[in-house]
Amino acid sequence: MFIAGIFDLTIMANTKRTDQELVTAHIENLPADLAPAIAHLRQAILRAHPEIAEQIKWNSPAFYYTGEMKAFDAKEYKRDLIVMNLNRGKILLVLPTGQRLKDTSGLLEGKYTDGRRLITFKDLADIKKKEAALTAIINEWIDTVDR
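Throughout what follows, the structure given in this document is the object of discussion.

1. Some remarks on the overall build of the protein chain
- Assigned secondary structure in the protein chain consists of four helices and five strands.
- Across the protein chain, helices and strands are ordered from the amino to the carboxyl terminus as α-α-α-β-β-β-β-β-α.
- Taking all contacts inside the protein chain whose residues are at least 6 apart in sequence as the whole, residues at least 24 apart take part in 48%.
- Approximately 9000 Å² of the protein chain is accessible, and the part contributed by carbon and sulfur atoms is 55%.

2. Focus on the pattern of salt bridges
- As enumerated under the stated definition, the model contains five salt bridges in all.
- Here Asp80 makes a salt bridge to Lys57, at a shortest N to O gap of 2.9 Å. A residue pair is termed long-range when its members are at least 10 positions apart, and Asp80 in strand E3 (residues 80-85) and Lys57 in strand E1 (residues 52-57) qualify at 23 residues.
- Using a relative accessible area of 17% as the deciding quantity, one classes Lys57 as buried.
- Between Arg116 and Asp114 there is a salt bridge, with the nearest N and O atoms lying 2.9 Å from each other.
- Classification of Arg116 as partly exposed rests on a relative accessible area of 29%.
- Asp114 sits in the partly exposed class, given a relative accessible area of 49%.

3. Considerations on the sheet that holds strand E5 (residues 117-121)
- Strands sit in the order E1-E2-E3-E4-E5 across an open sheet of five strands; the sheet is antiparallel. Unpaired on one side and paired on the other, E1 and E5 mark the two borders of the sheet. The average undirected angle you get between the axes of adjacent strands in this sheet is 25°.
- Pairing of E3 with strand E4 (residues 91-95) involves three bridges; the strand directions are antiparallel. Bridge assignment links Met84 to a residue of E4, and that residue is Leu93.
- The sheet strands contacting helix H2 (residues 19-28) are E1 and strand E2 (60-65), and the helix crosses E1 at an angle near 60°.

4. Remarks on the packing of aromatic side chains
- Taken as a whole and assessed by the stated rule, the structure comprises one aromatic pair.
- Their ring planes at 65° and their centres at 6.2 Å tell us that Tyr65 and Trp141 sit as a pair that is edge-to-face. Pair noted here: Tyr65 is in strand E2 and Trp141 is in helix H4 (residues 124-143), with a separation of 76 residues, a long-range link. Grouping residues by exposure puts Tyr65 and Trp141 together as buried.
- Here Lys57 stacks its cationic end above the ring of Trp58, 4.9 Å away from the centre of that ring.
- Across from the ring centre of Tyr112, 4.0 Å away, lies the NZ or CZ of Arg116, which sits over that ring.

5. Brief notes about the pairing of E5
- The element E5 is largely enclosed, with a buried count of four among its five residues.
- Direction of pairing for E4 relative to E5: antiparallel, over a ladder of five bridges. Bridging across to E5, Leu92 finds its partner in Thr120.

6. Focus: the environment of Ala62
- Within the element layout of this structure, Ala62 appears in strand E2.
- For Ala62 and Asn85, which are 23 residues apart along the polypeptide, the C-alpha to C-alpha distance reads 9.3 Å.
- Apart from residues no more than four positions distant in its own chain, Ala62 is found in contact with Ala53, Glu54, Gln55, Lys57, Ile82 and Val83.

The rules behind each value
Residues numbered from 1 in each chain as written. Predicted model: local features only at pLDDT ≥ 70, side-chain atom pairs only at ≥ 80, totals over all residues. Heavy atoms only, no water. Helix = DSSP H or I, 4+ residues; strand = E, 2+ residues; numbered from the N terminus. Contact = heavy atoms within 4.5 Å. Areas by Shrake-Rupley, 256 points an atom, 1.4 Å probe, with all protein chains shown as cover. Salt bridge = Lys/Arg side-chain N within 4 Å of Asp/Glu carboxyl O. Buried < 20%, exposed > 50% of the residue type's maximum accessible area, 1.4 Å probe, protein only. Pairing = 2+ DSSP bridges. Axes fitted to C-alpha atoms, helices over the stretch in contact; angles between N-to-C directions. Phe/Tyr/Trp six-rings, centres within 6.5 Å; stacked < 30°, edge-to-face > 60°. Lys NZ or Arg CZ within 6 Å of the ring centre and 35° of its normal.

What follows is the structure, given as structure tokens:
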């Protein structure tokens, strides 16, 4: 039985998990009061457009555009749409290129010289209240992609 346990661990260690599995595992390891909100937010972002995918980036769930784009310097992060920041008891979405959007909802916050904008949510109820505005922002971002 001990040998079988070692074998099982070896298989698990050599099996590469998908980006979706990594995001799921990350959310499952969040505090119980935060995980349902993040799970809902994750699905809202993925539902917003079929060419959005997810990954773990900078130790957080992140979302990016999978469609065709003109060539660009990878350091410009043009493909990155949203990176979550779940520190300090709040739900913060960072849009690395959010400054190019003309948000009329007031959801986008901050004016950073690097072009990022932020969206802050308090909890699941706040996410549900702002979900339509978030979807509109995501679709506007998709519309600005240089294809």
